[in-house]
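Listed below, chain by chain, are the residues.
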Amino acid sequence: MKISLLVFSYEKDGAPMNTLMFHVLLFAKELKEKGEDVKILFEGEGVQWAKELINPEHPFKKHVEYLKDNFVACEACSSMHGILDDIVGKVAIENDLHGHISLKKYLDDDGKVVEF
């Protein structure tokens with residue numbers, strides 16, 4: 001089954017939502033280990049996670065190493081948040097829907113999308 005975890009959120013009360021992101025990584029790792037086709041889609045302010053998580057000093061680095069190839073970031077939002085140059089070549093970038101990620105391709109063939 002194709003399962004995509006769509007991350008729109010980054011900050012709450014001026015701080016990164018680490019608990020939310022930890023759980024996204026935890027769920028994605030479980031799905032991948034069970035043989036599911038999993039993607040973590042970063043849209044909106046959530047693209048900031050793409051830059052933060054690829055930092056080799058990030059505390060979630062162990063989880064990121066296993067899942068980095070499953071990351072997909074929105075090109076338009078990455079550009080708007082000023083991080084596109086930081087993640088190009090390190091994270092898959094998509095722009096199929098007017099510069100954004102197209103959910104259609106992730107919903108095709110009975111794919112599921114879970115929003116965070």
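Up top is the structure these notes are about.
Every value quoted in this text rests on a predicted model; they were computed, and no experiment measured them.

Conventions we followed
Numbers given for residues are sequential positions, taken from 1 along each chain in its written order. Whole-chain, interface and lining totals are the exception, using all residues; otherwise, since this is a predicted model, local features are given only for residues with pLDDT of at least 70 and side-chain atom pairs are given and counted only at 80 or more. In computing side-chain properties, one takes all heavy atoms of the structure into account and sets aside hydrogens as well as water. In what follows, salt bridge is the name for a side-chain nitrogen of Lys or Arg lying within 4 Å of a carboxyl oxygen of Asp or Glu. Runs of H or I in DSSP of at least four residues are treated as helices and runs of E of at least two as strands, each being numbered from the N terminus. Only protein chains enter the accessibility calculation, which uses a 1.4 Å probe; a residue is then buried when its area is under 20% of its type maximum, exposed when over 50%, and partly exposed in between. As used in this record, nonpolar core signifies buried Ala, Val, Leu, Ile, Met, Phe, Trp, Tyr and Cys residues forming a set joined through side-chain atoms within 4.5 Å. Whether two residues touch is decided by their heavy atoms; if any such pair falls within 4.5 Å, the residues are in contact. Only strands joined by at least two bridges in the DSSP assignment are considered to pair. Axis definition: a line fit to C-alpha positions, over the contact stretch in the case of helices; interaxial angles, taken between N-to-C directions, run 0 to 180 degrees.

Chemist: Sorry if this is basic, but what is going on with the pattern of salt bridges here?
Modeler: Think of it this way: side chains of opposite charge can pair up when their charged atoms draw near. Scanning the entire structure with this criterion turns up five salt bridges. With a shortest N-O distance of 3.8 Å, Lys29 and Glu33 are connected by a salt bridge. One end of the pair, Lys29, and the other, Glu33, are both in helix α1 (residues 18-33), four residues apart, so they sit about a helical turn from each other. In this structure Lys29 comes out as partly exposed when scored by relative accessible area, which is 22%. By relative accessible area, which is 52% here, Glu33 ends up exposed. The salt bridge partner of Lys104 is Asp108, with a shortest N-O separation of 2.5 Å.

Chemist: Would you mind showing me how to read the nonpolar core here?
Modeler: Soluble, globular proteins show a tendency: their nonpolar side chains are buried together. Ranked by internal contacts, the top residues of the largest apolar core, which has 33 residues, are Met21, Leu25, Ile40, Phe42, Leu53 and Phe71. No other element matches α1, which puts six residues into this core. Discounting chain neighbours no more than four positions away, the residues touching Leu53 are Met21, Leu25, Phe42, His58, Phe60, Val64 and Phe71.

Chemist: How should the sheet that holds strand β6 (residues 92-94) be read in this particular structure?
Modeler: In sheet architecture, strand pairing relies on hydrogen bonds along the backbone and comes in two forms, parallel and antiparallel. If you walk across this open sheet you meet the five strands as β6-β5-β4-β1-β7, and the pairing is parallel. The open sheet terminates on both sides in strands that have one partner only, identified here as β6 and β7 (112-115). The mean inter-strand angle of the sheet, taken between neighbouring strand axes irrespective of direction, is 30°. One ladder, built from three bridges, connects strand β4 (residues 37-42) with strand β5 (residues 71-74); its direction is parallel. Bridging from a neighbouring strand, Phe42 pairs with Ala73 of β5. Contacts between α1 and the sheet are confined to β1 (2-7), β4 and β5, with β4 contributing the most and set at about 160° to the helix.

Note that all results are geometric; they support no functional claim without further evidence.
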